Amino acid sequence: MSDTMYAALLRGINVGGRKKVPMAELREVIEGLGHGDVRTYVQSGNAVFSAPAERDADALARELEQAVEARFGFPVACLVIDGARLRAVAEACPFPAGELEGRQLHVTFLSEQPDPSRFARIEASEFLPEEFRVGDRVLYLYAPDGLGRSKLAEALHRPAVLKGIDATTRNWNTVVKLVEMTGD
C-alpha cells in the first residue's frame, strides 16, 4: 500500500498572539502520529504529511485535533485534504487566478458541503465587485481589496451561513503552494 500526501489546515492559530502553535512543535505532533514527510508552510497552520492512502481524511483530522489539544491545551479545528482534492480545488477555481494577485483570491475549505439555502440571504449584488462561488466543500472568494477589507467575507462567515461547519480560509498563494507541496 502506498502513501498519499495530505495537507492539514489548522483554523485560527497564531493570530493576534492567541492559540500559539509553533510550527516546529506542530511538525513534532504530526510525526508523533506516525506520519512521514512532515513539512509546514508559513505560521498560520498549514502542514503537509504522508499517510497510508487508505486512511480517511476526516479520521486523520480528528486524530490531529486530539493531538494538538493534548499538546497545546486548547481545541483547534483541523481539516485534512489529500493532494488530489487540493489540486481539484485549484483547477475548479471559477475566477481567473492567473490574472489576479494572490491576496485577491481566497478559498474557504469546509468540513462538509453546505446546503445552497444557507447563501440565500446574501444579496451578491450588494457586495460587488467582490464575488463568491460555492464549489465542492469550498467557497471561492474574489476580494479585490484583500480579505481584511472584505464585507462579503464577513457575510459568508456569519453563524447563520456556516453554523456547524468547520471552515478555514487560505489565500490563493497558499493554496497554490500546498498543491505544489502535496503533488506527486
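Relevant structure appears above.
Residue numbers here run from 1 along each chain, matching the order of that chain's written sequence. The predicted nature of this model means local features are confined to residues of pLDDT at least 70 and side-chain atom pairs, given and counted, to a pLDDT of 80 or more, with totals for whole chains, interfaces and linings taken over all residues. Only hydrogens and water are set aside; all other atoms, that is, all heavy atoms of the structure, feed into the side-chain values.

**Remarks on unusual backbone geometry**
Line of reasoning, step 1. Note that the residue after L128, namely P129, is joined by a cis bond; omega there is 10 degrees.
Line of reasoning, step 2. By secondary structure assignment, the location of P129 is in the loop between strand 5 (105-110) and strand 6 (131-134).
Line of reasoning, step 3. The phi dihedral of D37 falls on the positive side, at around 50 degrees, and the residue is not glycine.
Line of reasoning, step 4. Helix and strand labels come from DSSP, where a helix needs a run of H or I of at least four residues and a strand needs a run of E of at least two; each type is numbered from the N terminus. Mapped onto the fold, D37 is located in strand 2 (residues 36-41).

**Examining the packing of aromatic side chains**
Line of reasoning, step 1. Centres within 6.5 Å are what make two rings of Phe, Tyr or Trp a pair, Trp counting through its six-membered ring; a difference in plane orientation under 30 degrees is then read as stacked, over 60 as edge-to-face, and the rest as tilted. Scanning all chains against the criterion turns up 4 aromatic pairs.
Line of reasoning, step 2. A ring pair is formed by Y6 and F49, whose centres lie 5.7 Å apart and whose planes are at 20 degrees; its orientation type is stacked. Of the two residues, Y6 is situated in strand 1 (residues 3-10) and F49 in strand 3 (residues 46-52); the sequence distance between them amounts to 43 residues.
Line of reasoning, step 3. With 6.1 Å between their ring centres and 35 degrees between their planes, F95 and Y142 make a pair best called tilted. With F95 in the loop between helix 3 (83-91) and strand 5 and Y142 in strand 7 (residues 138-142), this pair connects stretches of sequence that are 47 residues apart. Neither residue differs from the other here; F95 and Y142 are each classed as buried. For every residue, the accessible area (1.4 Å probe, protein chains only) is compared with the maximum for its type, and the residue is labelled buried under 20%, exposed over 50%, or partly exposed between those bounds.

**What to know about the sheet that holds strand 1**
Line of reasoning, step 1. When DSSP finds two or more bridges between two strands, those strands count as paired. Strands sit in the order 2-3-1-4 across an open sheet of 4 strands; the sheet is antiparallel. Two strands bound the open sheet, and with one partner strand each, they are strand 2 and strand 4 (78-82). Between one strand axis and the next, the sheet turns through 25 degrees on average, direction left out of account.
Line of reasoning, step 2. With 7 bridges connecting them, strand 1 and strand 3 associate as antiparallel partners. When the bridges of strand 3 are listed, A8 appears paired with A47. Here, axes are lines fitted to C-alpha atoms. For helices the fit covers the stretch in contact, and angles between N-to-C directions go from 0 to 180 degrees.

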